[in-house]
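Understanding the architecture of this molecule
Given next are the chains, with one letter for each unit.
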Amino acid sequence: MTIQQISVFLENKPGTFRNVAAELSKNGVNMRAMSVADTADFGILRMIVDDNEKTKKVLADGGYIYKETEVLAVEVGDTPGSLMRILETLGEAAINLEYMYAFTTKKNDGACLIFRVDDVAKTTQVLSDAGIKLASAEELKEL
Amino acid sequence: MEKNYYQKELETMEREQLLALQNERLVAQVKHVYEHVPYYRRLMEEKGLVPADIASVDDLHKLPFLTKDDLREAYPDGLLAVPKGDCVRIQSTSGTTGRRVISYYTQHDVDLWDECCARAIIAVGGTNEDVVQVSYGYGLFTGGPGLNGGSHKVGSLTLPMSSGNTDRQLQFMTDLGATILCCTPSYAAYLGESIADRGIKDQIKLKAGIFGAEAWSEEMRRDIEKALGIKAYDIYGLTEISGPGVSFECEEQAGMHINEDHFIPEIIDPETGEVLPYGEKGELVFTCITKEAFPLLRYRTRDITILTDEPCSCGRTHVRMKRPMGRSDDMLIVKGVNVFPSQIEAVLLNEGLSANYQIVVDRVNNSDTIDVMVEMTPELFSDVAGSITAKEKSIVNALKSMLGIYAGVHLVEPRSIVRSEGKAVRVIDKRKI
């Protein structure tokens, strides 16, 4: 049960993020969650949006370099320790976490973690064995 | 396949016979220049030379060189060898380096130039059945007029497009079924991208391209051939000598045959001026032996190349030159190291990057810096920053081993590097030296 995340290349100069955001907003794309990774030289915008097909079209038309990748989402309680439980589970299974970001949800005053691993199948199994439920794309929309 | 030549007897002439022709033409030309160009006569007199001292090509090395500085000093007509009334045309350099240079032509000069271009078109398989799209600039720049004239001589249907207006280029290319494209390699690459963007590759009937007037690499040739579904051929020339067609590639794509019945090439050591044998790398020098109006003798091109007299299987006997490896005057010296933009391009293409790059040279705290801006590609992009920085590092290492110095690599947005529809701006040198 994976989520399709869209990432966009951002050149390291003023206004690049704003330009992408403006294109998306103009076309009515809603970002559910996002994070920006930055290096000395460039940035990567990663986002979960409400309409991937539309987003990809907007990006392609705008000449952006983008990519769709599988990430995992887990809904957790907005309480101390809930992140630790997941990290410990992944650590014990020697799963390498590439990156992670989170947003708080309206439903149940909870939080949702989005993370990227190199081995999706193994991670899904490990989390399921530990009784941690992955959120589907549909569920994510309801959060 | 039946081999075709525009002027078979001249293009495939036995070397001995060709040398006899060159001797005869050189002797007459030196006399013509001595008598009609006071500027060059003075240079000869300074060396104690009279026309009788030049009896054959063996004596060529005795003659003084001409450089772009001489052309500037003699501007606008100090090197003209016929009355202005005998001239029918001027052309001028595109002005990428220094001040403008003007070259004059009589009708005879235009004809021989057109014939050289006709040889080039036929060498890539052109016939009167072909549709030749000339997308070099027209006007003072020699690219458009040269290939246009050559195409007329061949009897091909000529599309005098000039450069720019890509929509119109592609419309004529598809509607009229252009089969041979003539333009700069960077514009050919750009047309290739535009064709892919529009998804119209199946409507393109091109079979060959004749590309010159700027530095390119074998990797770029392969990219263009793939993008346009053609064979891409090199052509070489310079306004001072006539224009494109001074040399051109045959179907072997293994160096450009110099039209030696018109232009005698020499390779010299750029430092000492000493003539080097075939096979050695040095600066290319030309002596025009048939031109009337602007017959430069021993003109230093600043292009660095190698000549070979190895027989070519195409049957042409004229010596071949390698694509210039750089110009001694656009060669960058960074931290005391000689850097050719073509070396950097080769590394980028070899690393699977786009051919759209820009080199920025600067001086920070009295030390030279060199940075290469490269456009991001979908293949290179990843949502994981580490995999992109790892690739950047491998490019930096590859550049370091090629150049011997550190060059920074910066990834920029696609299509953010200006694509000039004439000459690409490859180097920005910000140093105030």
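Here the structure is a predicted model, which is why all the values come from computation and not from measurement.

**Comments concerning the overall build of chain B**
Each helix and strand in chain B was counted, giving 11 helices and 21 strands. Taking contacts inside chain B between residues at least 6 apart in sequence as the whole, the part at least 24 apart equals 65%.

**Section: the nonpolar core**
With 49 residues, the main nonpolar core has B:Y40, B:L63, B:L79 and B:F286 as its most contacted residues. The contacts of B:L63, once residues within four sequence positions are left out, are B:V30, B:Y40, B:M44, B:K47, B:L49, B:I54, B:L297 and B:R298. By size, the runner-up hydrophobic cluster in this structure holds 32 residues, among which are A:I65, B:L332, B:V339 and B:V361.

**Section: the side chain of B:E345**
Residues and elements named next belong to chain B. One can find E345 in helix 10 (residues 341-350). For E345, which is buried and forms no salt bridge, the nearest opposite charge comes from R426, at a distance of 4.2 Å. Of the polar contacts made by the side chain of E345, one reaches the side chain of Y357; its length is 3.0 Å. With near-sequence residues (within four places) excluded, E345 lies in contact with W216, S217, M220, Y357 and R426.

**Details of the interface of chain A and chain B**
If you look at the interface, chain A gives 20 residues, while chain B gives 18 residues. Counting each side, the surface lost to burial between chain A and chain B is near 1600 Å², with a carbon and sulfur contribution of 64%. For the chain A face of the interface with chain B, the top three residues by lost area are A:F9, A:D41 and A:I65, together amounting to 37%. Scanning the region where chain A abuts chain B turns up one salt bridge.

**Details of helix 8 (residues 185-198) of chain B**
All names here are of chain B. Between its first and last C-alpha atoms helix 8 spans 20 Å; for 14 residues at 1.5 Å apiece the expected length is 20 Å, and the two agree. For helix 8, the complete set of buried residues consists of P185, S186, Y187, A188, L191, G192, S194 and I195. Residues of helix 8 that are buried sit in contact with helix 7 (166-175), strand 5 (180-183), strand 6 (208-212) and helix 9 (218-228). In the stretch just after helix 8, G199 is the one whose phi turns positive, near 65°.

**Remarks on the packing of helix 5 (residues 107-123) of chain B against helix 6 (residues 143-154) of chain B**
Residues and elements named next belong to chain B. The interhelical angle for the contact between helix 5 and helix 6, taken along N-to-C directions, is 75°, at an axis separation of 7 Å. The pairing of helix 5 with helix 6 is recorded here as roughly perpendicular in orientation. Here helix 5 contributes D111, W113, D114, E115, C117, A118, I121 and I122 to the contact with helix 6, which in turn contributes P145, G146, L147, G149, G150, S151, K153 and V154. Of the residues contributing to the contact of helix 5 with helix 6, the split by class is eight nonpolar, four polar and four charged.

**Considering the packing of helix 7 of chain B against helix 8 of chain B**
Residue and element names in this part refer to chain B. Here helix 7 crosses helix 8 at 75°, and the two axes come no closer than 11 Å. Relative to helix 8, helix 7 is oriented roughly perpendicular. Of the residues in helix 8, those touching helix 7 at T166, D167, Q169, L170 and M173 are Y187, Y190, L191, S194, I195 and R198. Residues that form the contact of helix 7 with helix 8 fall into these classes: six nonpolar, three polar and two charged.

Thresholds, definitions, all that
- Residues numbered from 1 in each chain as written.
- Chains lettered and ligands numbered in written order.
- Predicted model: local features only at pLDDT ≥ 70, side-chain atom pairs only at ≥ 80, totals over all residues.
- Heavy atoms only, no water.
- Helix = DSSP H or I, 4+ residues; strand = E, 2+ residues; numbered from the N terminus.
- Contact = heavy atoms within 4.5 Å.
- Core = buried A, V, L, I, M, F, W, Y, C linked by side-chain atoms within 4.5 Å.
- Buried < 20%, exposed > 50% of the residue type's maximum accessible area, 1.4 Å probe, protein only.
- Lys, Arg positive; Asp, Glu negative; His and termini not counted.
- Salt bridge = Lys/Arg side-chain N within 4 Å of Asp/Glu carboxyl O.
- Polar contact = N/O pair within 3.5 Å; in protein donor to acceptor, adjacent residues only side chain to side chain.
- Buried area = accessible area lost by both parts, 1.4 Å probe.
- Expected span 1.5 Å × (residues − 1).
- Axes fitted to C-alpha atoms, helices over the stretch in contact; angles between N-to-C directions.
- Parallel < 35°, antiparallel > 145°, perpendicular 65-115°, else oblique.
- Nonpolar A, V, L, I, M, F, W, Y, C, P; charged D, E, K, R; others polar.

These values are about where atoms sit, not about what they do.
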